[in-house]
Amino acid sequence: MQILRVVIWVLLLVGLLLFSIFNWTDVTVRIWQGIVVDTKIPAIVIVSFAIGFVPMWLYHRASKWGMQRKIHNLENAARTQATTPVAPREDTTDETVHTDHVSHADTGGHARPTSPETIGPDATREGDTPLRGDHRS
């Protein structure tokens, strides 16, 4: 990829050199009413190119630098998180968690957790869709 960039820059410079050789003539440029500049055509071309290219190049380099910093920070955070040991969790409550499920046949093939009070073929929780066979409204 780097060789391609070098080839393109060399071709641009050769093109600019050939353009400059064949167009080396004086030109009068009026900037404002009282400001007049006598210059060569290649100088106008080079200055015009620089005015268009340099700000976009600087913007590109600044955004690339910012993205590189973000990537570096994210990689460091991921590396730190991956190497930080996790302490075992200690449960201090005596409450038990109910993991009872309604069978797949009662829910149309989809199991869902329920509390002990709602287990049964016609039981639903508030906001749930009724189970198959539940004809209550």
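Here the structure is shown first, and the text comes after it.
Residues numbered from 1 in each chain as written. Predicted model: local features only at pLDDT ≥ 70, side-chain atom pairs only at ≥ 80, totals over all residues. Heavy atoms only, no water.

Visitor: Please clarify how the overall build of the protein should be interpreted in this entry.
Guide: For the protein, the helix and strand inventory stands at 2 helices and 2 strands. For the protein, the α and β elements follow one another from N to C terminus as α-β-β-α. Taking all 137 residues of the protein together, the buried fraction comes to 8%. About 12300 Å² of surface is accessible on the protein, with carbon and sulfur atoms providing 63% of the total. (Helix = DSSP H or I, 4+ residues; strand = E, 2+ residues; numbered from the N terminus. Buried < 20%, exposed > 50% of the residue type's maximum accessible area, 1.4 Å probe, protein only. Areas by Shrake-Rupley, 256 points an atom, 1.4 Å probe, with all protein chains shown as cover.)

Visitor: What exactly am I supposed to notice about the packing of helix 1 (residues 2-22) against helix 2 (residues 41-83) here?
Guide: A pair of packed helices is captured by two measures, namely the crossing angle of their axes and the spacing between those axes. Relative to each other, helix 1 and helix 2 sit at 150°, their axes nearing to 9 Å. If you check the angle between helix 1 and helix 2, you find them roughly antiparallel. Crossing of helix 1 against helix 2: the hand is right-handed. Where helix 1 approaches helix 2, its residues Trp-9, Leu-16, Phe-19 and Ser-20 are matched on the opposing element by Ile-41, Pro-42, Val-45, Ile-46 and Phe-53. A class-by-class count of the residues in the contact of helix 1 with helix 2 yields 8 nonpolar, 1 polar and no charged. (Axes fitted to C-alpha atoms, helices over the stretch in contact; angles between N-to-C directions. Parallel < 35°, antiparallel > 145°, perpendicular 65-115°, else oblique. Left-handed = near helix turned anticlockwise from the far one by under 90°. Contact = heavy atoms within 4.5 Å. Nonpolar A, V, L, I, M, F, W, Y, C, P; charged D, E, K, R; others polar.)

Visitor: Even after reading the chapter, I still don't get the pattern of salt bridges, so can you show me in this structure?
Guide: All chains considered together, the criterion is met by 1 salt bridge. Close ionic contact of Asp-26 with Lys-40 constitutes a salt bridge, the shortest N to O distance being 2.5 Å. Here Asp-26, found in strand 1 (residues 26-30), pairs with Lys-40, found in strand 2 (residues 36-40); they are 14 residues apart in sequence, far enough to count as distant. With a relative accessible area of 25%, Lys-40 lands in the partly exposed category. (Salt bridge = Lys/Arg side-chain N within 4 Å of Asp/Glu carboxyl O.)

Visitor: Help me out: how do you make sense of helix 2 in this one?
Guide: For an α-helix the count is 3.6 residues per turn, leaving residues at separations of three or four pointing the same way. When the terminal C-alpha atoms of helix 2 are compared, their 62 Å separation across 43 residues agrees well with the 63 Å that a helix rising 1.5 Å per residue should span. Along helix 2, the sharpest kink reaches roughly 25°, centred on Phe-53 and followed within four residues by the proline Pro-55. (Expected span 1.5 Å × (residues − 1). Bend = angle between axes of the 7 residues up to and from the residue.)

Visitor: Looking at this model, I keep getting lost on the packing of aromatic side chains. Mind explaining?
Guide: For any pair of aromatic rings, geometry is given as the distance between the ring centres together with the angle between the planes. A full pass over the atoms with the stated rule returns 2 aromatic pairs. For the ring pair Trp-9 and Phe-53, a centre distance of 5.7 Å and an interplane angle of 80° mean the geometry is edge-to-face. Here Phe-53 lies in helix 2 and Trp-9 lies in helix 1, a separation of 44 residues in the sequence. Owing to a relative accessible area of 39%, Trp-9 belongs among the partly exposed residues under this scheme. Owing to a relative accessible area of 31%, Phe-53 belongs among the partly exposed residues under this scheme. (Phe/Tyr/Trp six-rings, centres within 6.5 Å; stacked < 30°, edge-to-face > 60°.)

Visitor: Would you take a moment to explain the environment of Val-45 for this structure?
Guide: By secondary structure assignment, the location of Val-45 is in helix 2. Linking Val-45 and Leu-16, residues 29 residues apart in sequence, is a C-alpha distance of 8.7 Å. Setting aside its immediate chain neighbours within four residues, Val-45 contacts Leu-16 and Phe-19.

Visitor: How should the pairing of strand 1 be read in this particular structure?
Guide: The side chains of a regular strand alternate between both faces of the sheet. Of all 5 residues in strand 1, 0 are buried, a share of ten percent or less. Bridging between strand 1 and strand 2 involves 5 bridges; their strand directions are antiparallel. Opposite Val-27, over in strand 2, you have Thr-39 as the bridge partner. Hairpin remark: strand 1 followed by strand 2, antiparallel, with 5 residues in the connecting loop. (Pairing = 2+ DSSP bridges.)

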